[in-house]
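# Reading the structure
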Amino acid sequence: MGYITMFRAHVIETKIRQFVLMKMVPCVSAHRYMACLQQTLAKWMSSTRPAPRLTATPVRALIDEQISIKGSFLPPHCPVTVCARMHCEDGDLWESYAHFKTNADGTVNLTRDHSIGGTYLGCEPMGLFWSLQSAPGAREGLRLRKKNVEVPYVVLLSLLEGHVSPSVSQGTELAAVTAERSYMAPGVQRIEIRKNSVIGTLFLPPGPGPFPAMLDLWGMGGGLVEYRSAMFASKGYASLSLAYFGHKDLPGPQNRVNVGDSYFKAAFQLLQDHHKVCADKVGVIGLSFGVYVTLRIATRTGVKPSCLICINGPVGSSLSLPDGDGVTEDLEDNTLSWTYDDQGRVTFKVVSLPALLLPENKVKVEDIECPLMYIEGKDDQNSASKENADMIEETLKAAGKSHLFTRLSYPGAGHLIEPPYAPNARMSLWRVKPEKLFVQWGGHPAPHAAAQEDSWKKMLAFMENHLR
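What comes next concerns the included structure. (Residues numbered from 1 in each chain as written. Predicted model: local features only at pLDDT ≥ 70, side-chain atom pairs only at ≥ 80, totals over all residues. Heavy atoms only, no water.)

### Looking at the pairing of strand 4 (residues 79-87)
The test is simple: If DSSP finds at least two bridges between two strands, the strands pair. The secondary structure listing takes helices from DSSP runs of H or I that are at least 4 residues long and strands from runs of E that are at least 2 residues long, numbered from the N terminus.
Taken together, the 9 bridges between strand 4 and strand 5 (residues 93-101) define a ladder with antiparallel strand orientation. Each residue of the ladder has a partner; that of Val80, found in strand 5, is Phe100. Hairpin connection, strand 4 to strand 5: the antiparallel pair is bridged by 5 residues, and Gly91 has positive phi, about 90°. Strand direction decides the pairing type here: strand 4 and strand 8 (residues 153-161), joined by 6 bridges, are antiparallel. Bridge pairing links Arg85 to Leu156 in strand 8.

### Side note on the sheet that holds strand 14 (residues 277-287)
The line we're drawing: Structural elements are reduced to axes, namely lines fitted to C-alpha atoms, with helices fitted over the stretch in contact, and the angle between N-to-C directions of any two is expressed from 0 to 180 degrees. The contact criterion used is simple: two residues touch if any of their non-hydrogen atoms lie within 4.5 Å.
An order of 10-11-13-12-14-15-18-19 is seen for the 8 strands of this open sheet, with the pairing classed as mixed. The open sheet is flanked by strand 10 (189-195) and strand 19 (405-410), the only strands paired with a single partner. In this sheet, adjacent strand axes meet at a mean angle of 20° when their direction is disregarded. Along the sheet face, helix 5 (residues 261-273) touches strand 10, strand 11 (198-204), strand 12 (211-217), strand 13 (238-242) and strand 14 and points at about 135° away from the line of strand 14. Against the sheet, helix 8 (residues 445-467) engages strand 12, strand 14, strand 15 (308-311), strand 18 (372-377) and strand 19, with an angle of about 170° to strand 19.

### Thoughts on the packing of helix 5 against helix 6 (residues 289-300)
Stated precisely, the cut-off is as follows: Note on terminology: angles under 35 degrees are roughly parallel, angles over 145 are roughly antiparallel, angles of 65 to 115 are roughly perpendicular, and the others are oblique. Each residue is assigned to one class: nonpolar for Ala, Val, Leu, Ile, Met, Phe, Trp, Tyr, Cys and Pro, charged for Asp, Glu, Lys and Arg, and polar for all the others, Gly among them.
At a minimum axis separation of 10 Å, helix 5 and helix 6 run at an interaxial angle of 85°. When the axis of helix 5 is compared with that of helix 6, the two are roughly perpendicular. Facing helix 5, whose interface residues are Asp261, Phe264 and Phe268, helix 6 presents Val293, Arg296, Ile297 and Arg300. Broken down by class, the residue content of the contact of helix 5 with helix 6 amounts to 4 nonpolar, no polar and 3 charged.

### A closer look at the pattern of salt bridges
Note on pairing: side chains with opposite charge can pair once their charged atoms come close. Rules: By salt bridge we mean one thing: a side-chain nitrogen of Lys or Arg within 4 Å of a carboxyl oxygen of Asp or Glu. Accessible area is worked out with a 1.4 Å probe on protein chains only. A residue is then buried under 20% of its type maximum, exposed over 50%, and partly exposed in between.
In total, this model carries 26 salt bridges according to the counting rule given. Put simply, Glu393 and Arg407 hold a salt bridge, and the shortest N to O gap is 2.8 Å. Of the two residues, Glu393 is situated in helix 7 (residues 385-398) and Arg407 in strand 19; the sequence distance between them amounts to 14 residues. Of the residues examined, Glu393 reaches a relative accessible area of 36% and is grouped as partly exposed. The exposure class of Arg407 is partly exposed, given its relative accessible area of 23%. If you follow the salt bridges from partner to partner, you end up with Glu376, Lys378, Lys386, Asp390, Glu393 and Arg407 in one network.

### A short note on the nonpolar core
Heads up, the condition is: Here, nonpolar core refers to any group of buried Ala, Val, Leu, Ile, Met, Phe, Trp, Tyr and Cys residues whose side-chain atoms link them within 4.5 Å.
Ranked by internal contacts, the top residues of the largest apolar core, which has 130 residues, are Leu157 and Leu295. Examining the composition of this core, we find that 8 residues originate from one element, helix 8, more than from any other.

### Here we look at the sheet that holds strand 7 (residues 133-134)
Pairing is mixed in the open sheet, where 6 strands are placed in the order 2-9-8-4-5-7. The open sheet terminates on both sides in strands that have one partner only, identified here as strand 2 (60-62) and strand 7. Here 3 bridges tie strand 2 to strand 9 (residues 173-182), and the two strands are oriented parallel to one another. Each residue of the ladder has a partner; that of Arg60, found in strand 9, is Glu180.

### Considerations on the packing of aromatic side chains
As a reminder of what qualifies: Stacked, edge-to-face and tilted labels apply to pairs of Phe, Tyr and Trp rings (six-membered ring for Trp) whose centres lie within 6.5 Å, assigned for plane angles under 30 degrees, over 60, and everything in between, in that order. In our convention, an over-ring charge means Lys NZ or Arg CZ found within 6 Å of a ring centre and within 35 degrees of that ring's normal.
Across all of its chains, the model carries 11 aromatic pairs by this definition. With a centroid separation of 6.3 Å and an interplanar angle of 70°, the aromatic rings of Tyr153 and Tyr183 are classed as edge-to-face. In this pair, Tyr153 sits in strand 8 while Tyr183 sits in the loop between strand 9 and strand 10, placing the two residues 30 residues apart along the sequence. In this structure, Tyr153 and Tyr183 share a single accessibility class: buried. Connected via pairs of aromatic rings, a cluster forms that spans Tyr153, Tyr183, Trp218 and Tyr227. Positioned above the aromatic ring of Trp441, the side-chain terminus of Arg143 is 5.6 Å from the ring centre.

### A short note on the environment of Gly302
Topologically, Gly302 is positioned in the loop between helix 6 and strand 15. A residue is classified by how much of its surface remains accessible, and Gly302, at 67% relative accessible area, is exposed. Each C-alpha atom, one on Gly302 and one on Asp261, is 9.6 Å from the other, the two residues being 41 residues apart in sequence.

### So, unusual backbone geometry
Here the residue pair Thr57 and Pro58 is connected by a cis peptide bond, since its omega of -5° sits within 30 degrees of zero. Considering the arrangement of structural elements, one finds Pro58 in the loop between strand 1 (53-57) and strand 2. The omega torsion across Gly209 and Pro210 is 0°, close enough to zero to call that bond cis. Unlike most non-glycine residues, Asn196 shows phi in positive territory, near 55°. Positioned with a positive phi, Ser288 is a non-glycine residue whose angle comes to about 60°. Of note, Ser288 is situated in the loop between strand 14 and helix 6.

Keep in mind these numbers describe shape, not what the thing actually does.
Structure below.
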């Protein structure tokens, strides 16, 4: 107790003694006197103690940046819950929570302290973010994906009294703070591309450039996925997120790939020719089926990427290619080779085994001339990533190109290895037409989160080495 506090407590005690001596409180026993004194002191102390406080530092940050979450001015050794809540762009509620006991100084610090219950366990500074789950009663098979990268996620962080589950009992809120999580750093430009039949979105870092660049390819979910490219631009790389399947502005029906090698070559060259891009410092990244496209670009189109990053994808396609431009058959023509679990959820793990791929549709890996990083989730339930990584490694070794290959393998990680701190979806709704279909991705929350954080750092280091 400080000197001022001790002095004020002494004054209160003196006043009570005066009341007793002046017989304003008659017949006060020693026990009654002490109880009165303690109640008065407690009331005075509670009136002067600061209110509980929750802080998030910084309150505005990029999605891959750690923030420090701390609670203070709490009673020592008491149970508290820290929870996170946010609504995605479709209006669905996502939430997470963790149980703590405050320290002797009445604080809780998520960077230092261990969660003993909730949606994650242990000391995980960003656990509230990567353990976000759709709230009870939500639609089945939700997956948290950013659509409008120009608007940040807004997350409400709350400090609750006791160990509670927010979805069951909200509990008494002691303090709260709002945090913003962004995919675009200040000054990043977002430019829609509809040029030379190429459909995509170009992201440029702030400044005059020229910048090294990445061509960004996703999988057979289709559409135009922008958030990884936005993050690349936030790290100093121009990035073109490319649509090649299931987009309204692409030619032909949306249930088939209607573009081929010439389209991917045009996209690479469009990026390469941009006045803010270093023409000889352009890489390609692909996830899932995008890995096959990435490898095709490097071996069949005549362009020369500076590096390749492949995440959980095949070296070929099970779809036949009816023409020389690489246009695939209707996706539905291939459903007989898909695998389903006992709940009717689909996986492409068997159909993507290198041994089952059509020889004419397999990439000649030995023709690769640039550094290649392959990122493998060992619990990938969607693609035969291990077998494909093995084949790439063995083929490059036989061709005397082992020095070009870097392999990252992550136990417990699933198919969707994305930028850090995004929650993993072990299963999600993949499409609604012609029938509702759920797909397996795999991955367990904590090891998948660790894989995303580690692979992102190593991916950026790989790009730094080969594109700067």
